[in-house]
Amino acid sequence: SQTIHQWPATLVQPVGSPLSLECTVEGTSNPNLYWYRQAAGRGLQLLFYSVGIGQISSEVPQNLSASRPQDRQFILSSKKLLLSDSGFYLCAWIRDGYNEQFFGPGTRLTVL
Amino acid sequence: AQSVAQPEDQVNVAEGNPLTVKCTYSVSGNPYLFWYVQYPNRGLQFLLKYITGDNLVKGSYGFEAEFNKSQTSFHLKKPSALVSDSALYFCAVLGYSSASKIIFGSGTRLSIRP
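Criteria and thresholds
Residues numbered from 1 in each chain as written. Chains lettered and ligands numbered in written order. Predicted model: local features only at pLDDT ≥ 70, side-chain atom pairs only at ≥ 80, totals over all residues. Heavy atoms only, no water. Helix = DSSP H or I, 4+ residues; strand = E, 2+ residues; numbered from the N terminus. Rg over C-alpha atoms; globule rule 2.2 N^0.38 Å. Buried < 20%, exposed > 50% of the residue type's maximum accessible area, 1.4 Å probe, protein only. Contact = heavy atoms within 4.5 Å. Areas by Shrake-Rupley, 256 points an atom, 1.4 Å probe, with all protein chains shown as cover. Core = buried A, V, L, I, M, F, W, Y, C linked by side-chain atoms within 4.5 Å. Salt bridge = Lys/Arg side-chain N within 4 Å of Asp/Glu carboxyl O. Polar contact = N/O pair within 3.5 Å; in protein donor to acceptor, adjacent residues only side chain to side chain. Pairing = 2+ DSSP bridges. Axes fitted to C-alpha atoms, helices over the stretch in contact; angles between N-to-C directions. Buried area = accessible area lost by both parts, 1.4 Å probe.

A.B. asks: What exactly am I supposed to notice about the overall build of chain A here?
C.D. replies: Scanning chain A from N- to C-terminus turns up zero helices and 11 strands. Against the globule reference of 13 Å for 112 residues, chain A gives a C-alpha radius of gyration of 13 Å, in line with a compact fold. Taking the principal axes of the C-alpha coordinates as reference, chain A spans close to 40 × 25 × 20 Å. Sorting the 112 residues of chain A into buried and exposed places 46% on the buried side.

Put into structure tokens, the structure is as follows:
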């Protein structure tokens, strides 16, 4: 069966520090991968998605970047965090085609 | 551009009563529609989807949703609510022309009182 992992589960970082959040998927190959941010327990904002290794699509201009160095690994990064980067970050994957997404457990990021 | 709207921020229902969480969508082509549930500090869990076929779709935990093409709606329903159904519910749409992007609504908080 397929599983999706995210780490760390929680993170507290000072403003201006770098960020690296990791997402990995097991039990599938060539998944589409997504990063979302959820602020204040409400709507999801799609940040990035990837249909293959090295292929990244950015949805909104921001302080963050994403990379996909391996087929089942998706990384969210920042060189310098802002207060507004605080939130709940969710990684998700989808089988190729028109199917539902499966979400990881999320990372709660607090920038102080 | 594809979009999905959940007009209610919060829905309050007494336990045992039927519940409805509303969702409307806008997409070119045939829509692929989904409902997800989120419990506090957790990732989203898939409930059900409409791809094609019967307009009434049955999903997990006794939930069902009705696809209405003329009203561009996909409301989530349950005949008898449980306190444990209290959570945040998201409707989502995948447009035929955007194979890789699923767009989520703003979410509706469902509160079931004993």
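A.B. asks: In this structure, what is going on with the overall build of chain B? I would like to understand it.
C.D. replies: Tallying secondary structure elements over chain B gives zero helices and 12 strands in all. What you see in chain B, going N to C, is helices and strands ordered as β-β-β-β-β-β-β-β-β-β-β-β. Scaling as 2.2 N^0.38, a compact globule of 114 residues should have a C-alpha radius of gyration of about 13 Å, and chain B matches this with 14 Å. Counting only C-alpha atoms, chain B reaches 45 × 30 × 20 Å along its principal axes. By residue count, 46% of the 114 residues in chain B fall in the buried class. Considering only contacts in chain B between residues 6 or more positions apart, those separated by 24 or more positions represent 56%. Carbon and sulfur atoms provide 48% of the accessible area of chain B, an area that totals close to 5,300 Å².

A.B. asks: What should I look at first to understand the nonpolar core in this one?
C.D. replies: One recurring pattern in soluble globular proteins: nonpolar side chains tend to sit buried together. One finds B:L19, B:W35, B:L47, B:L48, B:F74, B:L76 and B:Y89 to be the most contacted residues of the largest nonpolar core, which totals 27 residues. Within the residue set of this core, elements represented by two or more residues are strand 2 (10–14), strand 3 (19–21), strand 5 (31–38), strand 6 (44–50), strand 8 (64–68), strand 9 (73–78), strand 10 (87–95) and strand 12 (108–113) of chain B. When residues of this core are assigned to their parent elements, the largest contribution, four residues, is made by strand 10 of chain B. Residues in contact with B:L76, not counting those within four places in the same chain, are B:L19, B:T20, B:V21, B:W35, B:L47, B:L48, B:F63, B:E64, B:A65 and B:Y89. Counting 20 residues, the second-largest nonpolar core is a separate cluster that includes A:I94, B:Y32, B:Y36 and B:F104.

A.B. asks: Mind showing me how you'd approach the pattern of salt bridges here?
C.D. replies: Proximity of charged atoms lets side chains of opposite charge pair with each other. Applying the stated criterion across every chain, the model contains six salt bridges over all chains. For B:K78, the salt bridge identified is with B:D85, shortest N-O distance 2.9 Å.

A.B. asks: Explain the side chain of B:H75 here, please?
C.D. replies: Residues and elements named next belong to chain B. With respect to the helices and strands, the residue H75 is situated in strand 9. The buried category is assigned to H75, whose relative accessible area is 19%. Only 3.0 Å separates the side chain of H75 from the backbone nitrogen of C23, close enough to count as a polar contact. Those residues in contact with H75 that lie beyond four places of it in its chain are T20, V21, K22, C23, W35, E64, A65 and E66.

A.B. asks: Is there a simple way to think about the sheet that holds strand 3 (residues 19–26) of chain A in this case?
C.D. replies: Strand pairing within a sheet occurs via backbone hydrogen bonds; the two strands may be parallel or antiparallel. All names here are of chain A. As summarised here, the arrangement of the four strands in space is 1-3-8-7, forming an open sheet in which the pairing is antiparallel. Edge positions in the sheet fall to strand 1 (3–7) and strand 7 (65–70), since each has one partner strand and no second. Ignoring strand direction, the axes of neighbouring strands in this sheet form an average angle of 20°. In this structure, strand 3 lies alongside strand 8 (residues 73–78), joined through six bridges in antiparallel fashion. Note on strand 8: the bridge partner recorded for T24 is Q73.

A.B. asks: When you look at the interface of chain B and chain A in this model, what are you seeing that I'm missing?
C.D. replies: In this assembly, 26 residues from chain B lie in contact with 24 residues from chain A. Taken together, both faces of the contact between chain B and chain A bury some 2,000 Å²; the carbon and sulfur share is 54%. Where chain B touches chain A, the interface holds one salt bridge. Where A:E100 meets B:K49, a salt bridge forms, and the shortest distance between an N and an O atom there is 2.8 Å. Where chain B meets chain A, there are six residue pairs in polar contact (both at pLDDT 80 or more).

A.B. asks: Would you mind showing me how to read the environment of B:F34 here?
C.D. replies: Tracing the chain through its elements places B:F34 in strand 5. When the C-alpha atoms of B:F34 and B:I103 are compared, they prove to be 9.9 Å apart, with 69 residues separating the residues in sequence.

A.B. asks: Got a minute to help me understand the environment of A:P18 in this structure?
C.D. replies: Residue and element names in this part refer to chain A. Mapped onto the fold, P18 is located in the loop between strand 2 (10–13) and strand 3. Sequence separation between P18 and S78 is 60 residues, and the spatial gap between their C-alpha atoms is 5.4 Å. Those residues within four positions of P18 in sequence are excluded, and the remaining contacts are Q13, S78, K79 and L81.

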